[in-house]
Amino acid sequence: MIKFITYWTSAFSEAVRSALNSLWSHKLRAGLTLLSIFIGVATIIIIVSIISGLNRKITEEFATLGTKVLYVDRFPWASHGRNWHKYRNNPRITMMDLNAIKKVSLAEYVVPYVRTGMVASYGQNEMEITTYGTAWEFPQMRKIDMEMGRFFSYGEDHKGRPVCVLGWEVWKSLFNGNDPLGEWIKLGNTNFRVIGVLAKQGQSFTIGTVDDNVYVPYNAFKHIFGGWRRLSIMVSAKEPESIEDLKSELRFALRGVRGLRLGEEDNFAINSQDMLLDEYNKTTKILWSALLAIAGLSLLVGGIGVMNIMLITVTERTREIGIRKAVGATKTHILGQFLLEALTQCWLGGTFGFIVGVGLPLIVSRFIPQLPVAISWESVITAISFTTIVGVTFGLYPAVKAAKLSPVDALRYE
């Protein structure tokens with residue numbers, strides 16, 4: 001057993017040295033071949049790392065919409081223009097809908113929200129913002145972190161007090177980082193007292209940012225800015241497991257209050273974060289498949305190059321093969337040597353591809369924090385395994401050809 005291991009270890013080392021010498025002797029030819037293997041492996045690792053990072057980031061962002069929250073709106077989120085002529089005829093969400101939803105037994109919180117663009121000003125500083133009118137339970141529905149102060153209370157919401165909570169960018173722009181609590185700012189033509197500032201969220205890939213938003217009580221918004229704007233309603237389930245039952249109950253309540261008869265289509269939409277995630281997966285699936293196919297094609301081209309090099313190597317070393325067979329080398333020895341040489345070339349290109357494929361995304365993500373990257377070790381294993389398969393597949397024919405050479409014919413070869 002020890003002799004067997006020693007023999008094949010020596011044979012493997014010899015094959016690797018022979019492959020490296022062959023590559024070194026034909027640098028340009030070998031370099032072009034290894035370049036294809038390198039590009040293929042690096043591309044697979046980089047693409048999958050970016051995909052994994054994007055998927056994780058987008059899943060996290062959609063999760064902020066709430067895993068047990070449904071959004072009642074006039075239009076479905078994932079329509080993408082399909083049947084838009086039908087959806088545009090849907091009536092607006094109204095206070096009658098809101099009151100009907102508040103009676104739904106499976107709902108934990110029911111939060112209306114409406115928005116409009118305007119200019120916020122404080123002293124000489126101005127900023128274009130989006131003002132949201134919503135209920136005091138809003139932080140229960142969406143993940144809200146406070147930089148300072150607080151969100152408005154039930155009493156301030158119920159009585160329509162002119163108070164507001166600023167997004168982080170609004171605070172920085174209007175107050176230059178100074179304490180804003182208790183100060184009055186102007187939203188449009190109306191003064192509002194600042195009671196809180198949201199923590200910085202940063203730019204989102206999918207759902208925007210709260211940093212340039214201002215939140216005011218829903219009743220204050222209706223009284224000051226008018227209640228005719230597009231109303232939407234957030235509804236949370238008491239338990240995540242009851243989300244589908246809540247959706248059915250909401251649909252029943254809305255169809256009832258809107259007087260829809262049996263067989264008539266819904267003229268409203270009940271949206272959830274799962275809908276956006278499913279739409280994202282459908283949209284990107286074809287793109288990712290195409291990119292990975294391109295990377296696979298690069299490995300295929302590299303494999304053809306490896307076969308070409310090995311065929312030339314067999315021709316150049318025909319006499320050497322004859323000498324080895326004459327002194328006792330078997331077909332298995334010759335086959336193993338040339339197959340290992342082909343694999344060594346692929347592994348060498350794969351190693352460089354691995355270093356760049358893992359290192360480049362990490363370096364880029366340090367300079368561009370907005371680009372999410374998650375190194376997928378499954379992709380690394382897949383890329384290296386595919387490289388091995390390429391080496392075996394495209395190195396087998398030249399190795400078999402070398403193993404089948406007749407010692408007499410090989411020794412006569414000039």
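Residues numbered from 1 in each chain as written. Predicted model: local features only at pLDDT ≥ 70, side-chain atom pairs only at ≥ 80, totals over all residues. Heavy atoms only, no water.

## Details of the environment of Leu166
Position of Leu166 among the secondary structure elements: in strand S5 (residues 163-166). Judged by its relative accessible area of 0%, Leu166 falls in the buried class. When the C-alpha atoms of Leu166 and Met146 are compared, they prove to be 9.8 Å apart, with 20 residues separating the residues in sequence. When sequence neighbours within four positions are dropped, the list of residues in contact with Leu166 reads Trp171, Phe175, Ile185, Val194, Gly196, Val197, Leu198, Asn213 and Val214. (Helix = DSSP H or I, 4+ residues; strand = E, 2+ residues; numbered from the N terminus. Buried < 20%, exposed > 50% of the residue type's maximum accessible area, 1.4 Å probe, protein only. Contact = heavy atoms within 4.5 Å.)

## Examining the nonpolar core
By size, the foremost hydrophobic cluster in this structure holds 42 residues, and its most contacted members are Leu166, Leu187, Val235 and Leu250. Contacts of Val235, omitting those with residues within four sequence positions, involve Lys68, Val69, Leu70, Val72, Ile101, Ala107, Tyr109, Val110, Met141, Leu246 and Leu250. Counting 24 residues, the second-largest nonpolar core is a separate cluster that includes Val390, Phe394, Ala402 and Ala403. (Core = buried A, V, L, I, M, F, W, Y, C linked by side-chain atoms within 4.5 Å.)

## A short note on the packing of aromatic side chains
Counted under the stated rule, the structure contains 10 aromatic pairs. Look at Trp168 and Trp171: their rings are 6.2 Å apart centre to centre, the planes differ by 80 degrees, and that puts the pair in the edge-to-face class. Taken together, the residues Trp168 and Trp171, both in helix H7 (residues 168-175) and three residues apart, mark about one turn of the helix. Relative accessible area serves as the criterion here: at 6%, Trp171 is assigned to the buried category. Pairing Phe192 with Phe225 gives two aromatic rings, centres 6.1 Å apart and planes at 15 degrees, and the pair type is stacked. Separated by 33 residues along the polypeptide, Phe192 in strand S7 (residues 190-198) and Phe225 in helix H8 (residues 218-225) bring together distant segments of the chain. Residues Phe192 and Phe225 agree in their burial class; the two are buried. Three or more aromatic residues link up through ring pairs in this structure, and these residues are Tyr132, Phe138, Phe151, Phe152 and Tyr215. Across the ring face of Trp171, the terminal group of Lys172 is positioned such that the distance to the ring centre comes to 4.8 Å. (Phe/Tyr/Trp six-rings, centres within 6.5 Å; stacked < 30°, edge-to-face > 60°. Lys NZ or Arg CZ within 6 Å of the ring centre and 35° of its normal.)

## Some points on the pairing of S7
Looking at chain direction, strand S4 (residues 146-149) and S7 are connected through three bridges and run antiparallel. Note on S7: the bridge partner recorded for Met148 is Val197. Both S5 and S7 contribute to a ladder of four bridges, which runs parallel. By the bridge assignment for S7, Val163 is matched with Arg193. Sheet analysis places strand S6 (residues 184-187) next to S7, joined by four bridges and oriented antiparallel. Note on S7: the bridge partner recorded for Lys186 is Asn191. From the end of S6 to the start of S7, which pair antiparallel, there are two residues, and Gly188 there has a positive phi angle of about 70 degrees. (Pairing = 2+ DSSP bridges.)

## Regarding the packing of helix H11 (residues 318-326) against helix H12 (residues 331-367)
Between H11 and H12, the shortest axis-to-axis distance is 10 Å and the interhelical angle comes to 140 degrees. Taken together, H11 and H12 sit at an angle that is classed as oblique. Taken as a pair, H11 and H12 cross one another with a handedness that is right-handed. Residue-level inspection shows Glu320, Ile321, Arg324 and Lys325 of H11 in contact with H12, the latter providing Lys331, Ile334, Gln337 and Phe338. Class assignment for the residues of the contact of H11 with H12 results in three nonpolar, one polar and four charged. (Axes fitted to C-alpha atoms, helices over the stretch in contact; angles between N-to-C directions. Parallel < 35°, antiparallel > 145°, perpendicular 65-115°, else oblique. Left-handed = near helix turned anticlockwise from the far one by under 90°. Nonpolar A, V, L, I, M, F, W, Y, C, P; charged D, E, K, R; others polar.)

## As for the packing of H12 against helix H13 (residues 377-403)
Taken N-terminus to C-terminus, the directions of H12 and H13 make an angle of 150 degrees; their axes are 7 Å apart at the nearest point. When the interaxial angle is binned, H12 and H13 end up roughly antiparallel. The two elements H12 and H13 meet at a crossing, and its hand is right-handed. Counted by class, the contact of H12 with H13 contains 20 nonpolar, five polar and one charged residues.

## What to know about the pairing of strand S8 (residues 213-217)
Buried residues dominate S8, accounting for five of its five residues. Bridge count for strand S3 (residues 125-134) against S8 is five bridges, and the pairing is parallel. Pairing of Thr134 across the sheet is with Pro217, part of S8. Across two bridges, S5 lies against S8 in antiparallel orientation. Among the inter-strand pairings, Leu166 is bridged to a residue of S8, identified as Val214.

## A word on a negative patch on the surface
Among the surface-exposed residues, Glu244, Asp245, Asp274 and Asp278 lie close enough to one another that they form a single negatively charged patch. Every element with two or more residues in the negative patch is listed here: helix H9 (243-257) and helix H10 (273-316). (Patch = residues over 30% accessible without salt bridge, like charges linked within 9 Å, V, L, I, M, F, W, Y side chains within 5 Å. Areas by Shrake-Rupley, 256 points an atom, 1.4 Å probe, with all protein chains shown as cover. Salt bridge = Lys/Arg side-chain N within 4 Å of Asp/Glu carboxyl O. Lys, Arg positive; Asp, Glu negative; His and termini not counted. Charge placed at Lys NZ, Arg CZ, Asp CG, Glu CD.)

## Let's talk about a nonpolar patch on the surface
Together, Leu28, Leu32, Leu35 and Ile39 make up an exposed nonpolar region whose accessible area comes to about 400 Å². Relative to the helices and strands, Leu32 is located in helix H2 (residues 27-63). The class of Leu32 is exposed, set by a relative accessible area of 53%.

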